[in-house]
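# Remarks on the overall topology
Below are the chains, spelled out letter by letter.
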Amino acid sequence: MATNITWHEGLTHDERAKLVGQKGVTLWFTGLSASGKSTIATALEQFLLQNKINSYRLDGDNVRFGLNKDLGFSEADRNENIRRISEVAKLFTDSTCVTLTSFISPYKKDRQSARELHEASNLPFVEVYVDVPIEVAEQRDPKGLYKKARAGTIPEFTGISAPYEAPEKPEIHIKSHETSIEDAVKQIYQYLQDKKYV
């Protein structure tokens, strides 16, 4: 825990939202590898930006090239990975950005911690469960990770040798093997409109 630091107050979220003309929200995409999280999040980000809604996507792999490049895939490292991203997402959302996070985030307690972090700052948090049967994810396997996991060359791989704890009550539930990318984007955007986040 850092010492000799003091939080420096600036604009409140409400003040910033009025000036910018946009509220912030974190959309937390969770699901197995190859479920379609990043694909849907990318399509949604493009749609929002085309409609002049400031948004930014934080992707699981991309973040590991920089901010989290010191972390592996043990349970402790996965926990720290999600803790850091939760803090970053909170900052983006406080800035009034529509923040899209695309992380497997396999443990319920970590996703709950991310939610509680946002709620403590009165910032909206929306869990988006991109659901797909493991056999479909394995058939897709665009990075060849399931094949490597089955061969034993990737230890602690979610869904094979490490658990995935599915959300019980996500705000948005998308079955990506039954839903087109376009329809998934429409479903999420409609939710954002209904909640007056955009």
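Quantities reported herein were computed from a predicted structural model and do not represent experimental measurements.

## Here we look at the packing of aromatic side chains
- Counted under the stated rule, the structure contains 6 aromatic pairs.
- Members of the aromatic cluster, joined through ring pairs, are Trp28, Phe103 and Phe125.

## Looking at the environment of tyrosine 164
- With respect to the helices and strands, tyrosine 164 occurs in the loop between helix H7 (145-150) and strand S5 (172-175).
- A relative accessible area of 17% means that tyrosine 164 is categorised as buried.
- Sequence spacing of tyrosine 164 and glycine 31 is 133 residues, and the spatial spacing of their C-alpha atoms is 8.0 Å.
- With near-sequence residues (within four places) excluded, tyrosine 164 lies in contact with Thr30, Gly31, Leu32, Ile104, Ser105, Pro106, Arg111, Tyr129 and Thr158.
- At a separation of 2.8 Å, a polar atom in the side chain of tyrosine 164 contacts the side chain of threonine 30.
- Engagement of the side chain of tyrosine 164 in a polar contact is seen with the backbone nitrogen of glycine 31, the distance being 3.3 Å.

## Points about the pairing of strand S1 (residues 25-30)
- Burial runs high along S1: 6 of the 6 residues are buried.
- Side chains Val25, Leu27 and Phe29 of S1 all project onto a buried face; the interleaved residues Thr26, Trp28 and Thr30 project onto the opposite face, where all are buried too.
- Sheet topology note: the S1/strand S3 (residues 98-102) ladder contains 5 bridges and is parallel. Across the sheet, the residue bridging to leucine 27 is leucine 100, located in S3.
- Sheet analysis places S1 next to strand S4 (residues 125-131), joined by 5 bridges and oriented parallel. Counterpart to leucine 27 in the pairing with S4 is valine 126.

## Section: the side chain of serine 86
- Its location among the elements puts serine 86 in helix H4 (residues 75-94).
- Serine 86 gets classed as buried once you look at its relative accessible area, which sits at 4%.
- Engagement of the side chain of serine 86 in a polar contact is seen with the backbone oxygen of isoleucine 82, the distance being 2.7 Å.

## Focus on the side chain of threonine 99
- With respect to the helices and strands, threonine 99 occurs in strand S3.
- When neighbours within four sequence positions are excluded, threonine 99 is seen to be in contact with Val25, Thr26, Leu27, Tyr56, Leu58, Ala89, Phe92 and Thr93.

## What to know about the packing of H4 against helix H5 (residues 108-120)
- At their nearest, the axes of H4 and H5 sit 9 Å apart, and the two run at 25° to each other. Between H4 and H5, the interaxial angle falls into the category roughly parallel. H4 and H5 meet at a crossing whose hand is right-handed. Residues Glu75, Arg78, Asn79, Ile82, Ser86, Glu87, Ala89, Lys90 and Thr93 of H4 form the contact with H5, whose participating residues are Lys109, Asp110, Ala114, Leu117 and His118.
- Split into classes, the residues belonging to the contact of H4 with H5 amount to 4 nonpolar, 4 polar and 6 charged.

## Some points on the UniProt feature "domain: APS kinase" (unreviewed entry) in the chain
- Mapped onto this numbering, the UniProt entry gives "domain: APS kinase" (unreviewed entry) at residues 23-175.
- Overall, residues 23-175 shows 42% helix and 18% strand. The separation of its end C-alpha atoms is 28 Å.

## Overview of H4
- Here H4 is 20 residues long and its end C-alpha atoms lie 28 Å apart, about the 28 Å a rise of 1.5 Å per residue gives.
- For H4, the elements touching its buried residues are helix H1 (13-20), S1, strand S2 (55-59), helix H3 (60-63), S3 and H5.
- Of the residues one or two after H4, threonine 96 is the one with positive phi, at around 85°.

## Considering the nonpolar core
- Core analysis: the biggest nonpolar cluster contains 22 residues, and Leu27, Phe29, Leu44, Val126, Val128 and Ile188 have the highest contact counts within it.
- Broken down by secondary-structure element, the contributors of at least two residues to this core are S1, helix H2 (37-50), S3, S4, S5 and helix H8 (181-194).
- With 6 residues, the top contributor of residues to this core is H8.
- Residues Leu32, Val136, Ala137 and Tyr146 belong to the second largest nonpolar core, which totals 10 residues.

Rules used throughout
Residues numbered from 1 in each chain as written. Predicted model: local features only at pLDDT ≥ 70, side-chain atom pairs only at ≥ 80, totals over all residues. Heavy atoms only, no water. Phe/Tyr/Trp six-rings, centres within 6.5 Å; stacked < 30°, edge-to-face > 60°. Helix = DSSP H or I, 4+ residues; strand = E, 2+ residues; numbered from the N terminus. Buried < 20%, exposed > 50% of the residue type's maximum accessible area, 1.4 Å probe, protein only. Contact = heavy atoms within 4.5 Å. Polar contact = N/O pair within 3.5 Å; in protein donor to acceptor, adjacent residues only side chain to side chain. Pairing = 2+ DSSP bridges. Axes fitted to C-alpha atoms, helices over the stretch in contact; angles between N-to-C directions. Parallel < 35°, antiparallel > 145°, perpendicular 65-115°, else oblique. Left-handed = near helix turned anticlockwise from the far one by under 90°. Nonpolar A, V, L, I, M, F, W, Y, C, P; charged D, E, K, R; others polar. UniProt positions renumbered as here; feature names shortened; annotations may be inferred. Expected span 1.5 Å × (residues − 1). Core = buried A, V, L, I, M, F, W, Y, C linked by side-chain atoms within 4.5 Å.

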